[in-house]
Amino acid sequence: MDEVLPGVLHWTTFHEGIRRPVHSHFFVEAAALFDPRLPEGGVDEIARHGRPERILLSNRHHLRHAECLAEAFGCTIHAHRAGIHEFRDGPDVRPFEFGDEVAPNTVALEVGALTPEDTAFHLRTGPGILLFADALIRQDGGELAFVPDALMGDDPAGVRAGLGQALRRLLDCDFDALLFAHGEPVARGGHQALAEFLARHDGAG
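Residues numbered from 1 in each chain as written. Predicted model: local features only at pLDDT ≥ 70, side-chain atom pairs only at ≥ 80, totals over all residues. Heavy atoms only, no water.

Caption draft 1: Structural view of the packing of aromatic side chains. The final tally for this structure, using the stated rule, is four aromatic pairs. Relative to Phe180, the ring of Phe132 has its centre 6.3 Å away and its plane inclined at 20 degrees; by these criteria the two rings are stacked. Separated by 48 residues along the polypeptide, Phe132 in strand S11 (residues 129-132) and Phe180 in strand S14 (residues 177-180) bring together distant segments of the chain. Judged by its relative accessible area of 0%, Phe132 is buried. Judged by its relative accessible area of 0%, Phe180 falls in the buried class. Among the aromatic residues, those joined into a ring-pair cluster are Phe34, Phe96 and Phe121. (Phe/Tyr/Trp six-rings, centres within 6.5 Å; stacked < 30°, edge-to-face > 60°. Helix = DSSP H or I, 4+ residues; strand = E, 2+ residues; numbered from the N terminus. Buried < 20%, exposed > 50% of the residue type's maximum accessible area, 1.4 Å probe, protein only.)

Here's what the structure looks like:
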């Protein structure tokens, strides 16, 4: 686990299901884990930094190791209401709405387009942070990208257009760092990087 910004931890694990590294985060002040998998060192490694009280899923596909961590820490698990149907047979996942303060200094913002519940979390700490689910990823070379067209359903062009609109709205937030469920963090210059990515997307139009 490494500290991206003071009190905001990041770690990478290998996801056997998708055969790719994925990324998890812990906002210590807010006692919130985001899309967590167990880090190297397991539960004890997380506890060394603080005791989480809640687990926030950026979309319904990111349950990952939330059940194990919820049991270990007595956490609640939360996802946007539009994705709650995924958990009708368990575990117990509590719904939130876009605009809710889902943890101290943490607001759930609408992205949608890719899936109705796709959420960005605005962490109001330091220079400000946006944490993304699947709408925006960071490739191995460091470039921002949309997920591949093959994961966008029957209308990739329409999904890309919807994502572009949603991400442009997020530029109104105060942030300078970006975190991703899929990709390494951008600790500084994130607002500019997102604006430049959207400008290129417009140009490709």
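Caption draft 2: Just helix H3 (residues 156-170), in detail. Its 15 residues place the ends of H3 21 Å apart at the C-alpha level, agreeing with the 21 Å of an ideal helix rising 1.5 Å per residue. Every buried residue belonging to H3 is among Val159, Leu163, Gly164, Ala166, Leu167 and Leu170, and all of these are buried. (Expected span 1.5 Å × (residues − 1).)

Caption draft 3: Geometry of the pairing of strand S9 (residues 106-110). Most of S9 is tucked away: four of the five residues are buried. Direction of pairing for strand S8 (residues 101-103) relative to S9: antiparallel, over a ladder of two bridges. Following the sheet pairing, Glu101 is matched in S9 by Val107. With antiparallel pairing between neighbouring strands as the criterion, S8 and S9 make up a hairpin whose turn holds two residues, including Asn105 at a positive phi of roughly 60 degrees. (Pairing = 2+ DSSP bridges.)

Caption draft 4: Spotlight on unusual backbone geometry. Across the junction of Gly90 and Pro91, the peptide omega takes the value 0 degrees, indicating a cis bond. Unusually for a residue other than glycine, Asn105 sits at a positive phi of about 60 degrees. Mapping Asn105 onto the fold places it in the loop between S8 and S9. Classification of Asn105 as partly exposed rests on a relative accessible area of 29%.

Caption draft 5: Fine view of the sheet that holds strand S1 (residues 2-5). Read from one edge of the open sheet, seven strands run S1-S2-S3-S4-S5-S6-S7, paired in mixed fashion. On the outer flanks of this sheet lie S1 and strand S7 (93-96), each paired with one strand and no other. Going across the sheet, the axis of each strand differs from the next one's by a mean of 30 degrees, ignoring polarity. With three bridges joining them, strand S4 (residues 32-34) and strand S5 (residues 54-56) adopt parallel strand pairing. Each residue of the ladder has a partner; that of Phe34, found in S5, is Leu56. (Axes fitted to C-alpha atoms, helices over the stretch in contact; angles between N-to-C directions.)

Caption draft 6: The nonpolar core, seen in detail. Ranked by internal contacts, the top residues of the largest apolar core, which has 28 residues, are Phe132, Leu167 and Leu170. The set of elements that each furnish at least two residues to this core consists of S9, S11, strand S13 (144-145), H3, S14 and helix H4 (190-204). The element that contributes the greatest number of residues to this core is H3, accounting for five residues. (Core = buried A, V, L, I, M, F, W, Y, C linked by side-chain atoms within 4.5 Å.)

Caption draft 7: Seen up close, the environment of His191. Checked against the element boundaries, His191 lands in helix H4. Residues in contact with His191, not counting those within four places in the same chain, are Leu171, Cys173, Phe175 and Asp176. One polar contact links the side chain of His191 to the main-chain carbonyl oxygen of Leu171, over a distance of 2.8 Å. (Contact = heavy atoms within 4.5 Å. Polar contact = N/O pair within 3.5 Å; in protein donor to acceptor, adjacent residues only side chain to side chain.)

Caption draft 8: A look at the pattern of salt bridges. Evaluated as defined, the whole model comprises seven salt bridges. For Glu16, the salt bridge is made with Arg37, and the minimal N-O distance between the two is 3.2 Å. Of this pair, Glu16 sits in the loop between strand S2 (8-15) and strand S3 (20-27) while Arg37 sits in the loop between S4 and helix H1 (42-47), and the two are 21 residues apart along the sequence. With a closest N to O distance of 3.4 Å, Glu53 and Arg54 form a salt bridge. (Salt bridge = Lys/Arg side-chain N within 4 Å of Asp/Glu carboxyl O.)

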